[in-house]
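The lines below spell out each chain.
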Amino acid sequence: MTARGAVLALLGLAAAYALSNFLDGFGWQAGLGLVAFLTTVLLVGTLGFRMHPEDAVEEAATAIRDTAALAIGLVLLTAAFLTALTGGHSPTTT
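This write-up is about the structure you can find in this document. (Residues numbered from 1 in each chain as written. Predicted model: local features only at pLDDT ≥ 70, side-chain atom pairs only at ≥ 80, totals over all residues. Heavy atoms only, no water.)

## Observations concerning unusual backbone geometry
Backbone geometry places arginine 50, a non-glycine residue, at a positive phi of 55 degrees. One can find arginine 50 in the loop between α2 (29-48) and α3 (53-86). Classification of arginine 50 by relative accessible area gives exposed; the value is 67%. (Helix = DSSP H or I, 4+ residues; strand = E, 2+ residues; numbered from the N terminus. Buried < 20%, exposed > 50% of the residue type's maximum accessible area, 1.4 Å probe, protein only.)

## Notes on helix α1 (residues 3-22)
With 20 residues, α1 extends 29 Å from end C-alpha to end C-alpha; this agrees with the ideal 28 Å at 1.5 Å per step. By the burial criterion, the buried members of α1 are Gly5, Leu8, Ala9, Gly12, Ala16 and Ser20. Considered in projection along α1, the buried side chains sweep an arc of 100 degrees and stay on one side of the axis. α1 presents Ala3, Leu10, Tyr17 and Phe22 as exposed residues on the side facing more than 90 degrees away from its buried surface. Of the surrounding elements, those touching the buried residues of α1 are α2 and α3. (Expected span 1.5 Å × (residues − 1). Arc of directions from axis to C-beta. Contact = heavy atoms within 4.5 Å.)

## Side note on the pattern of salt bridges
A complete count under the given rule lists 1 salt bridge for this structure. In this structure, arginine 4 engages glutamate 59 in a salt bridge whose closest nitrogen and oxygen atoms are separated by 3.0 Å. Taken together, the residues arginine 4 in helix α1 and glutamate 59 in helix α3 connect sequence positions 55 residues apart. Note on arginine 4: relative accessible area 35%, which makes it partly exposed. (Salt bridge = Lys/Arg side-chain N within 4 Å of Asp/Glu carboxyl O.)

## Details of the nonpolar core
Among the nonpolar cores identified, the biggest contains 9 residues, and these are Leu8, Ala9, Ala16, Phe37, Val41, Met51, Ala56, Ala60 and Ala63. Contributions of two or more residues to this core are made by α1, α2 and α3. Setting aside residues up to four positions removed in sequence, methionine 51 forms contacts with Arg4, Leu8, Gly45, Thr46, Ala56 and Glu59. (Core = buried A, V, L, I, M, F, W, Y, C linked by side-chain atoms within 4.5 Å.)

## What to know about the packing of α1 against α3
Orientation of α1 relative to α3, taken along the N-to-C sense of each, is 85 degrees, at an axis distance of 7 Å. When the axes of α1 and α3 are compared, the pair comes out roughly perpendicular. Listed contacts from α3 to Arg4, Gly5, Ala6, Leu8 and Ala9 of α1 are Ala56, Glu59, Ala60, Ala63 and Ile64. For the contact of α1 with α3, the per-class residue count stands at 7 nonpolar, 1 polar and 2 charged. (Axes fitted to C-alpha atoms, helices over the stretch in contact; angles between N-to-C directions. Parallel < 35°, antiparallel > 145°, perpendicular 65-115°, else oblique. Nonpolar A, V, L, I, M, F, W, Y, C, P; charged D, E, K, R; others polar.)

Laid out in structure tokens, this is it:
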């Protein structure tokens with residue numbers, strides 16, 4: 001994962017989030033968010049970083065995939081730690 005991919009992914013997500021807040025309740029909100037994400041990634045990648053369009057999308061996708069894998073790994077590690085800490089019992093207070 002490169003820093004360019006992370007920057008592209010964050011800018012794309014920010015554009016999609018801003019558009020979704022602006023179009024709150026609009027039926028095409030998710031589709032337009034995806035369009036905003038891809039448009040931002042392509043424009044910043046090709047004009048800002050001087051990349052080929054497919055390389056910009058690939059680097060953004062790699063950054064998102066790596067971040068998701070890290071988040072899933074942390075969730076699984078936390079679940080294993082809490083299971084070991086509680087001895088496999090539910091920590092309810094009744």
